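Commentary on secondary and tertiary structure
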Amino acid sequence: VSQQKAKTNLKHARFVQKNLVYVIGLSLTLAREEYLRRADMFGRFGRIVRILVNRAHPYNADAPGGPSISAYLQYSRDVDASAAVRSMNNVVFDGREIRCAIACTKYCDTFVKNGAHCGNLDCMYVHDVADPEDVLSREDVLARQLGPPPPSHLFLPVRRRDPNAARQQQQAAQ
């Protein structure tokens, strides 16, 4: 998708989320929130406000060491996420090399369709029109070696409330 298409078609737009780390290559043992938060793992870099482990879509299920799991770790500060990526990328844990990258995000499908917040307090997607300078194409995401946006099934269960309250919660997390 070209840069122009990303700027005009909200569904194709991507944004760097500087406080979100994408981790791939986790063993089944490591792919647990309590393990990832530990001080000898990702917890040493700063306060982690959310961890989403994607156990629903394992990679390389037939690999000798078993399937590879991915996770998203949202830090309270961008610098903590950067430090985690620099220190943990290509490190071997539990006999596997994990890879880490700053992740990107996208517009929420509800926002694209209706121009409104979806009401899901756990939604990590964008619910406001972004500055066109911040919009990335898929080619930009690949060139910058950014992790993909978290899949929406990781945001479940859905809790709904006032859309303004959800926006305030998002702003407080930034």
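First, a word on what this report is: a plain description of the structure on this page. (Residues numbered from 1 in each chain as written. Predicted model: local features only at pLDDT ≥ 70, side-chain atom pairs only at ≥ 80, totals over all residues. Heavy atoms only, no water.)

In terms of regular secondary structure, the protein chain is built from six helices and five strands. Counting helices and strands in the order they occur from the N terminus, the protein chain gives α-β-α-β-β-α-β-β-α-α-α. Burial status across the protein chain gives 44% buried among its 174 residues. Put simply, 72% of the contacts in the protein chain that link residues at least 6 apart link residues at least 24 apart. (Helix = DSSP H or I, 4+ residues; strand = E, 2+ residues; numbered from the N terminus. Buried < 20%, exposed > 50% of the residue type's maximum accessible area, 1.4 Å probe, protein only. Contact = heavy atoms within 4.5 Å.)

Membership of the largest hydrophobic core comes to 29 residues, with the highest contact counts inside it found for V21, L26, F42, L73 and Y75. Going through the elements one at a time, β1 (14-26), α2 (33-36), β2 (48-59), β3 (68-75), α3 (78-88) and β5 (96-106) are the ones with two or more residues in this core. Broken down by element, the residue count for this core peaks at five residues, all from α3. Setting aside anything within four residues of it in sequence, one finds V21 in contact with A71, Y72, L73, Y75, A81, A84, V85, C100, A101 and I102. Counting ten residues, the second largest nonpolar core, distinct from the first, contains F15, C108, F111 and C118. (Core = buried A, V, L, I, M, F, W, Y, C linked by side-chain atoms within 4.5 Å.)

Read from one edge of the open sheet, five strands run β2-β3-β1-β5-β4, paired in antiparallel fashion. Looking along the sheet, the strands with just one partner apiece sit at the ends: β2 and β4 (91-93). Neighbour-to-neighbour, the strand axes of this sheet turn through a mean angle of 35 degrees, independent of strand direction. Bridge count for β2 against β3 is seven bridges, and the pairing is antiparallel. Bridge pairing links I48 to Y75 in β3. (Pairing = 2+ DSSP bridges. Axes fitted to C-alpha atoms, helices over the stretch in contact; angles between N-to-C directions.)

Attention shifts here to the pairing of β5. Across the eleven residues that make up β5, a large majority, nine, are buried. Inspection of the sheet shows β4 paired to β5 by three bridges, in the antiparallel sense. Looking at β5, one finds that V91 is bridged to I98. Taken together, β4 and the strand that follows it, β5, pair antiparallel across an intervening segment of two residues, in which D94 is found at a positive phi of about 55 degrees.

Considering all chains together, one arrives at four salt bridges under this definition. The salt bridge involving E33 is made with R37; its shortest N-O contact spans 3.0 Å. E33 sits in the partly exposed class, given a relative accessible area of 35%. R37 sits in the partly exposed class, given a relative accessible area of 31%. The partner of R77 in a salt bridge is D80, and the shortest N-O contact between them spans 2.8 Å. D80 sits in the buried class, given a relative accessible area of 7%. (Salt bridge = Lys/Arg side-chain N within 4 Å of Asp/Glu carboxyl O.)

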